[in-house]
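Listed here are the chains, written in short residue letters.
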Amino acid sequence: MQPNDYIKSPLERFKVLLVSCSMLFPLTSCNPTTQSPMSTTSSEFLKANAQFYDALNQMFTGDSTGIHAIWSKSPDATYLGPYGEKMIGSTTILKAFDEVTKLELGGHIQCEIIHSFMEGSMGYVMCEEIGENTDSEGNTFPVSHRATNIFRLENDGWKLMHHHTDISIQLEEAREN
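This write-up is about the structure you can find in this document.

1. As for the sheet that holds strand β6 (residues 157-165)
Okay, so step 1: The six strands lie next to each other as β2-β1-β6-β5-β4-β3, forming an open sheet whose pairing is mixed. Edge positions in the open sheet fall to β2 (86-88) and β3 (107-119), since each of these has one partner strand only. The average angle at which neighbouring strand axes cross in this sheet is 25°, direction not considered.
Okay, so step 2: Docked against the sheet, helix α4 (residues 90-102) engages β1 (78-80) and β2, running at close to 130° with respect to β2.

2. Quick notes on the pattern of salt bridges
Okay, so step 1: Per the stated rule, a full pass over the model turns up five salt bridges.
Okay, so step 2: For R152, the salt bridge goes to D76, with nearest N and O atoms at 3.6 Å. With a gap of 76 residues between them, R152 in strand β5 (residues 140-154) and D76 in the loop between α3 (65-70) and β1 connect regions that are remote in the sequence.
Okay, so step 3: With a shortest N-O distance of 2.9 Å, D166 and R146 are connected by a salt bridge. Residue D166 is located in the loop between β6 and α5 (169-176), and its partner R146 is located in strand β5; the two are separated by 20 residues in the primary sequence.
Okay, so step 4: It is possible to trace a salt-bridge network through shared partners that takes in D76, R152 and E154.

3. Considerations on the pairing of strand β4 (residues 122-134)
Okay, so step 1: Of the pairings in the sheet, the one linking β3 to β4 comprises twelve bridges and is antiparallel in character. By the bridge assignment for β4, H115 is matched with M126.
Okay, so step 2: Where β3 hands over to β4, the hairpin turn is made up of two residues, of which G120 adopts a positive phi near 65°.
Okay, so step 3: The pairing of β4 with β5 spans 13 bridges and is antiparallel. Across the sheet, the residue bridging to E132 is P142, located in β5.

4. Quick notes on the nonpolar core
Okay, so step 1: Counting 27 residues, the largest nonpolar core has F52, L56, I67, W71 and F97 as its most contacted members.
Okay, so step 2: Broken down by element, the residue count for this core peaks at seven residues, all from helix α2 (residues 39-59).
Okay, so step 3: Not counting chain neighbours up to four residues away, the residues in contact with F97 comprise L56, M59, I67, W71 and Y79.

5. Structural notes on the environment of F151
Okay, so step 1: For F151, the location among the structural elements is in strand β5.
Okay, so step 2: With relative accessibility at 0%, the residue F151 sits in the buried group.
Okay, so step 3: In this structure the C-alpha to C-alpha distance between F151 and M161, which are ten residues apart in sequence, comes to 5.3 Å.
Okay, so step 4: Residues contacting F151, with those up to four places away along its chain left out, are F45, A48, N49, I70, S121, M122, G123, W158, K159, L160 and M161.

6. Examining unusual backbone geometry
Okay, so step 1: In the Ramachandran plot, E104 falls in the positive-phi region, its phi being about 45° despite a non-glycine side chain.
Okay, so step 2: Examined against the element boundaries, E104 turns out to sit in the loop between α4 and β3.
Okay, so step 3: What makes E104 exposed here is its relative accessible area of 53%.

7. Overview of the state of the cysteines
Disulfides are covalent bonds that connect the sulfur atoms of two cysteines.
Okay, so step 1: Applying the stated criterion across every chain yields a total of zero disulfides.
Okay, so step 2: Of all cysteine sulfurs in the structure, the one in C127 sits closest to C111, which takes part in no disulfide; the separation is 3.1 Å.

Reading the values: rules and limits
Residues numbered from 1 in each chain as written. Predicted model: local features only at pLDDT ≥ 70, side-chain atom pairs only at ≥ 80, totals over all residues. Heavy atoms only, no water. Pairing = 2+ DSSP bridges. Helix = DSSP H or I, 4+ residues; strand = E, 2+ residues; numbered from the N terminus. Axes fitted to C-alpha atoms, helices over the stretch in contact; angles between N-to-C directions. Contact = heavy atoms within 4.5 Å. Salt bridge = Lys/Arg side-chain N within 4 Å of Asp/Glu carboxyl O. Core = buried A, V, L, I, M, F, W, Y, C linked by side-chain atoms within 4.5 Å. Buried < 20%, exposed > 50% of the residue type's maximum accessible area, 1.4 Å probe, protein only. Disulfide = S-S within 2.5 Å.

Here is the structure:
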């Protein structure tokens, strides 16, 4: 029996992840005005978030190297994307990103941080992703949706464990055209 055999559905696994994260980040310690005693690690954590968005922009030009570098290689990595897709495991996630990379869609996206929190070896960033993408006919369209990134400090640095975006109406409309 594997550790996750008792959790059958992806929704049940997501609920467990949510409960686990809420235990890791108690609301009483989420004071954004408090200076972290680990300011060097905190800046490294935020640098990893910036690297993720640099990697996404590289992906739009056909280069997935950065995406592979920033994502955790863990089987418990998760992704909930702007089209409503749900993925578990870095192998599945990175394969999907590789397929998108091949399209060389162009465009750019940036993260406007709303709130970030880091404690110990875990941290999250809540942001608005703003930019533009290109549809299959080369037309550009604006993108703006909320996102949450969860990072874990691993042996080789801060790695993205979970990325979750709103379902993007703009991307859905471009996909239909």
